[in-house]
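If you want the building blocks of each chain, they are given just below.
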Amino acid sequence: MKEQIIGALRELLDIHSFSEELMIIAMQALGEPAADWQLYFVDLKDVVGQFLRHIDEEMLSQLKKLPNQENSTSKKIKQALMIRFTILKRHEIKAIAKFLARPEATDLAIKSLYRTVDTIWYWAGDNATDFNFYTKRLILASIYSATIAYIILKERDQEALSLFLDKELKLVGKINQAKNNLYEFKNGIKKFIDYGGC
């Protein structure tokens, strides 16, 4: 029933925000008693959390169906984001963002963002277990949040979104290159010291 309720919500979010009134309308649309949504969800925060988990699962399902042709991690990340923002409609993004902006939803906003970027990185083949594990997820969380803001600001077509993601991912490439350069520099200094340079 949860999946049916989420499906009904997706049909209604173009004219409604997440609220108890929306839940009642969704249940009525399904021909179910209005108050029965509380049998499946703890509260509205749980509704939004399950909604976002549903989107994550749908995104991952579509990603797994892609032919394994892309070798570039950044291209895989872009594929994942393009698919996610094809699944999620602009009015849904706005409704989710509005709810997650509530003070009582701060923990959900953080947890759901982490789950989404973690899902994307694992699908892209990230096996990092060191500090890079967290760095990569922080960077992708930043890109994801910037993309949300970009979409909310104005209706975008797929071409505009693709160009925006190219620009964001290019910046990440420069950050990673700078990190690699710093790592090599530190290793060079260490070797220099080890060999009696100082």
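Undergrad: Is there a simple way to explain the side chain of D118 in this structure?
TA: Checked against the element boundaries, D118 lands in helix α6 (residues 106-123). Given a relative accessible area of 16%, D118 falls into the buried group. Apart from residues lying up to four places away in sequence, D118 is in contact with F133 and R137.

Undergrad: Help me understand helix α5 (residues 90-100) in this model?
TA: Think of an α-helix as turning once every 3.6 residues; residues three or four places apart then point the same way. E92, I93, A95, I96, F99 and L100 are the residues of α5 that are buried. Here the buried residues of α5 occupy an arc of 165° about the axis, which is enough to place them on one side. Taken together, the buried residues of α5 touch α1 (2-12), α3 (44-64), α4 (73-87), α6 and α7 (131-153).

Undergrad: What am I meant to see in the layout of surface pockets here?
TA: Vacant regions in the atomic arrangement are exposed by a probe of water-molecule size rolled over the atoms. Its volume calculated, the largest pocket comes out at about 350 Å³. Looking at the largest pocket, it is lined by 15 residues, and the ones nearest its centre are L100, L113, Y144, S145 and I148. Counting only elements with at least two residues in the lining of the largest pocket, the list comes to α5, α6 and α7. Broken down by element, the residue count for the lining of the largest pocket peaks at five residues, all from α6.

Undergrad: So what exactly am I meant to see when it comes to the packing of α3 against α5 here?
TA: Packed helices, taken two at a time, are described by the angle between their axes plus the distance between the axes. Two elements in contact, α3 and α5, have axes separated by 11 Å at closest approach and are oriented at 140°. Judged on the interaxial angle alone, α5 and α3 are oblique. Crossing angle aside, the handedness with which α3 passes α5 is left-handed. Listed contacts from α5 to L44, K45, V48, F51 and L52 of α3 are E92, I96, F99 and L100. For the contact of α3 with α5, the class distribution of residues is seven nonpolar, no polar and two charged.

Undergrad: Where do I start with the packing of α5 against α7 in this structure?
TA: Two numbers describe how α5 lies on α7: the axes approach to 10 Å, and their chain directions differ by 115°. Crossing of α5 against α7: the hand is left-handed. Listed contacts from α7 to R90, I93, K94 and A97 of α5 are I148, I151, I152 and L153. Here the contact of α5 with α7 is composed, by residue class, of six nonpolar, no polar and two charged.

Undergrad: What exactly am I supposed to notice about the pattern of salt bridges here?
TA: Between side chains of opposite charge, pairing is possible as soon as their charged atoms come close. By the definition in use, this model includes ten salt bridges. Ionic pairing is found between D56 and R84, a salt bridge with its closest N-O pair at 2.7 Å. Pair noted here: D56 is in helix α3 and R84 is in helix α4, with a separation of 28 residues, a long-range link. Take D56 and R84: they sit in the same class, and that class is buried. The closest approach of N and O atoms between E155 and R90, which form a salt bridge, is 3.8 Å. Of this pair, E155 sits in the loop between α7 and α8 (158-194) while R90 is found in helix α5, placing the two residues 65 residues apart along the sequence. Sharing partners across several salt bridges, the network here consists of D118, D126, K136 and R137.

Analysis parameters
Residues numbered from 1 in each chain as written. Predicted model: local features only at pLDDT ≥ 70, side-chain atom pairs only at ≥ 80, totals over all residues. Heavy atoms only, no water. Helix = DSSP H or I, 4+ residues; strand = E, 2+ residues; numbered from the N terminus. Buried < 20%, exposed > 50% of the residue type's maximum accessible area, 1.4 Å probe, protein only. Contact = heavy atoms within 4.5 Å. Arc of directions from axis to C-beta. 1 Å grid on protein atoms, 1.4 Å probe; cavity = no way out; pocket = protein on both sides within 12 Å on 5 of 7 lines; lining within 4 Å. Points joined across faces, edges and corners; volume = space filled by probe spheres on them. Axes fitted to C-alpha atoms, helices over the stretch in contact; angles between N-to-C directions. Parallel < 35°, antiparallel > 145°, perpendicular 65-115°, else oblique. Left-handed = near helix turned anticlockwise from the far one by under 90°. Nonpolar A, V, L, I, M, F, W, Y, C, P; charged D, E, K, R; others polar. Salt bridge = Lys/Arg side-chain N within 4 Å of Asp/Glu carboxyl O.

The quantities given are spatial measurements derived from coordinates; they are silent on function.
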